[in-house]
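Tertiary structure, described
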Amino acid sequence: MKKTLKELAAWLNDEVPAFGDTIVSGISIDTRTICQGDLFVPFRGEQANGHKFVQQAFEKGAGASLWQKDEPNPPKNVPLLFVDDSELALQQMARAYRNEHKATFIGITGSNGKTSTKDILAGTLAPFFKVQKTIGNFNNQLGLPITILQLQEDTEVAVLEMGMSGFGEIEFLTKLARPHITVITNIGEAHMQDLGSRAGIAKAKFEIIQGMQEDGVLFYDGDEPLLNELVAKEQHLNAQAFGLEPGDLLYAENIEATASGSSFTTHGAIEGDFFISVLGKHQVKNTLIAMLIAQKLGLTDEQIRTSLKDVTLTDMRMQQVQGNQGALFINDAYNAAPTSVKAAIQFIATTTIRPEKWLVLGDMLELGDNEKSFHEELSLAIHESEIDYVCLYGPRMAFLYEVLKERFDADHLLYDKDDFAPIIAKLQQATEKSIVLLKGSRGMKLETILQAFTS
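The chain carries the name UDP-N-acetylmuramoyl-tripeptide--D-alanyl-D-alanine ligase in an unreviewed UniProt entry, which gives Lysinibacillus sphaericus as its organism. In its Sequence similarities (unreviewed entry) section, the UniProt entry covering the chain states "Belongs to the MurCDEF family. MurF subfamily."

A closer look at the UniProt feature "binding site: ATP" (unreviewed entry) in the chain
According to UniProt, the positions carrying the feature "binding site: ATP" (unreviewed entry) are Gly110, Ser111, Asn112, Gly113, Lys114, Thr115 and Ser116. Structurally, Gly110 can be placed in the loop between strand E7 (104-109) and helix H4 (114-125). Apart from the residues within four sequence positions on either side, Gly110 is in contact with Thr185, Asn186 and Lys205. Along the polypeptide, Asn112 turns up in the loop between E7 and H4. When its relative accessible area of 13% is taken as the criterion, Asn112 is described as buried. Not counting chain neighbours up to four residues away, the residues in contact with Asn112 comprise Thr185, Asn186, Gly188, Ala337, Thr339 and Ser340.

Side note on the pattern of salt bridges
One pass over the structure, following the stated rule, counts 22 salt bridges. Of the charged contacts, one joins Arg442 and Glu447 as a salt bridge, the two residues approaching to 2.6 Å between their closest N and O atoms. Looking at Glu447, the relative accessible area reads 18%, which means it is buried. Through salt bridges that share partners, Arg44, Asp70 and Glu71 make up one connected network.

Let's talk about the packing of helix H8 (residues 198-206) against helix H9 (residues 225-232)
Orientation of H8 relative to H9, taken along the N-to-C sense of each, is 50°, at an axis distance of 10 Å. When the axis of H8 is compared with that of H9, the two are oblique. Relative to H9, H8 is oriented so that their crossing is right-handed. Counting all contacts with H8, which are made through Arg198, Ala199, Ala202, Lys203 and Phe206, the residues of H9 involved are Leu226, Leu227, Leu230 and Val231. Split into classes, the residues belonging to the contact of H8 with H9 amount to seven nonpolar, no polar and two charged.

Re the sheet that holds strand E4 (residues 39-40)
Judged by pairing direction, the sheet is parallel, and its four strands sit side by side in the order E3-E4-E5-E6 without closing on themselves. Whereas interior strands pair on both sides, the edge strands pair on one side only; in this sheet they are strand E3 (27-28) and strand E6 (80-83). Here E3 pairs with E4 via two bridges, running parallel. Bridge assignment links Ser28 to a residue of E4, and that residue is Phe40. Contacting E3, E4, strand E5 (64-68) and E6, helix H3 (residues 86-100) crosses the sheet at an angle of about 130° to E5.

Here's the deal with the layout of surface pockets
Roughly 290 Å³ of internal volume is contained in the second largest pocket. Of all the secondary-structure elements, those providing two or more residues to the lining of the second largest pocket are E3 and helix H5 (143-149). By residue class, the composition of the lining of the second largest pocket is six nonpolar, four polar and two charged. Two domains each put at least three residues into the lining of the second largest pocket: domain 1 (3-85) and domain 2 (101-308).

Looking at the packing of aromatic side chains
On inspection of all chains with the given rule, the structure shows six aromatic pairs. Here the aromatic rings of Tyr393 and Phe420 are separated by 4.2 Å at their centres, their planes lie at 25°, and the arrangement is stacked. A residue pair is termed long-range when its members are at least 10 positions apart, and Tyr393 in strand E19 (residues 389-393) and Phe420 in the loop between strand E20 (413-416) and helix H15 (421-427) qualify at 27 residues. Taking the centre distance of 5.4 Å and the plane angle of 25° together, the rings of Tyr401 and Tyr415 count as stacked. With a gap of 14 residues between them, Tyr401 in helix H14 (residues 397-404) and Tyr415 in strand E20 connect regions that are remote in the sequence.

Regarding the pairing of strand E17 (residues 328-331)
Residues Leu328 and Ile330 point to one face of E17 and Phe329 and Asn331 to the other, with burial holding for every one of them. With four bridges joining them, strand E16 (residues 319-322) and E17 adopt antiparallel strand pairing. Its bridge partner being in E17, Val321 is matched across the sheet by Phe329. Where E16 folds back on E17, the antiparallel hairpin that results is connected by five residues, among which Gly326 adopts a positive phi of roughly 110°. Both E17 and strand E21 (residues 434-439) contribute to a ladder of four bridges, which runs parallel. Pairing of Asn331 across the sheet is with Leu438, part of E21.

What counts and what doesn't
- Residues numbered from 1 in each chain as written.
- Predicted model: local features only at pLDDT ≥ 70, side-chain atom pairs only at ≥ 80, totals over all residues.
- Heavy atoms only, no water.
- UniProt positions renumbered as here; feature names shortened; annotations may be inferred.
- Helix = DSSP H or I, 4+ residues; strand = E, 2+ residues; numbered from the N terminus.
- Contact = heavy atoms within 4.5 Å.
- Buried < 20%, exposed > 50% of the residue type's maximum accessible area, 1.4 Å probe, protein only.
- Salt bridge = Lys/Arg side-chain N within 4 Å of Asp/Glu carboxyl O.
- Axes fitted to C-alpha atoms, helices over the stretch in contact; angles between N-to-C directions.
- Parallel < 35°, antiparallel > 145°, perpendicular 65-115°, else oblique.
- Left-handed = near helix turned anticlockwise from the far one by under 90°.
- Nonpolar A, V, L, I, M, F, W, Y, C, P; charged D, E, K, R; others polar.
- Pairing = 2+ DSSP bridges.
- 1 Å grid on protein atoms, 1.4 Å probe; cavity = no way out; pocket = protein on both sides within 12 Å on 5 of 7 lines; lining within 4 Å.
- Points joined across faces, edges and corners; volume = space filled by probe spheres on them.
- Domains from an automatic or database assignment.
- Phe/Tyr/Trp six-rings, centres within 6.5 Å; stacked < 30°, edge-to-face > 60°.

Here you go:
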């Protein structure tokens, strides 16, 4: 975004401010990361008032700032745009900028795999288009507008992640972004406490079609019955399925993990053998989304095959990390829900990369009243014939521990409620023959364990 204050005022239906010819070339809500020429947006929260940092923002290079009209003592002789509400103004500016932008907009939601799919898609398209994607977890009612306003004017493809915790949130985001292409990666159990059931989660994710362009297309997990039911009710919806079943528009088989990634064969809309430098069957499924969208945007099968080889993911998504004692760690500790944990366990159980298999699992959060059963049911994916050692961390993992201690002896099963030290000590036994999975919800900070073996 590169606009004058006068143009921003027009977006907000406001009078032309002083310094109206001042040009802003970006947006920021944090003085620690502000860039030269940014428009600073201060928010008032329960813990802090961003207006107290406006002067500091100018000192660090801000080109201008918003200022809420009911906030006293605005600074003098600096470019300010006075608004009734900073959050609403941010969203209104993003909506206006989106409406004039010529990029192809892609909206991605789902219980698991949003960030991985975003990364794989952006990486696949980057050699052929100017692509920008959601940075970090800027995927909510504040983050998405910021992402849109940070798009450069000549960006050709905008890959936007959309997160939510309740009904109506995806609807708001998709109507703001008005995507040409939408994606639902899968339906899991995250936010069960707010949405009540997997059917409720599916309904909330399906809101993404409400803002989609009339001639747009939805790519969705065709292996998920809940989504198939919702799609069947939308007779005029252009919806195309991906997955691991032959009935899908594009499906994968012969998935094999190697030390450098995953090879697989696709059938349907794209036929052939492919490779991606990412581990896990669930990541191959995410890759199918990128392949379908790349094909829709005009890439050939060979262009897709070539670009997939160089794709990388954001850290802590099936990230391979070599430990200093020889063990290979798979750091998948960014988030966790039953579906994604079982998928990661299955990968460790079946991989031939290393013969000795370790699981380090932390609590799965936000599962509501059924959290006990969800943790216990992980035991169905853990077999003593496939997994050598299991380390469990967090109060909720006590539920899984009580089940597993009937099958694993004390030397092969360790549990601690709130201390990493015993797990770190146990992992000292891991060697160059070991592969170790770290998987837990973000709040469990399992990457702390990894630090002990990489520093």
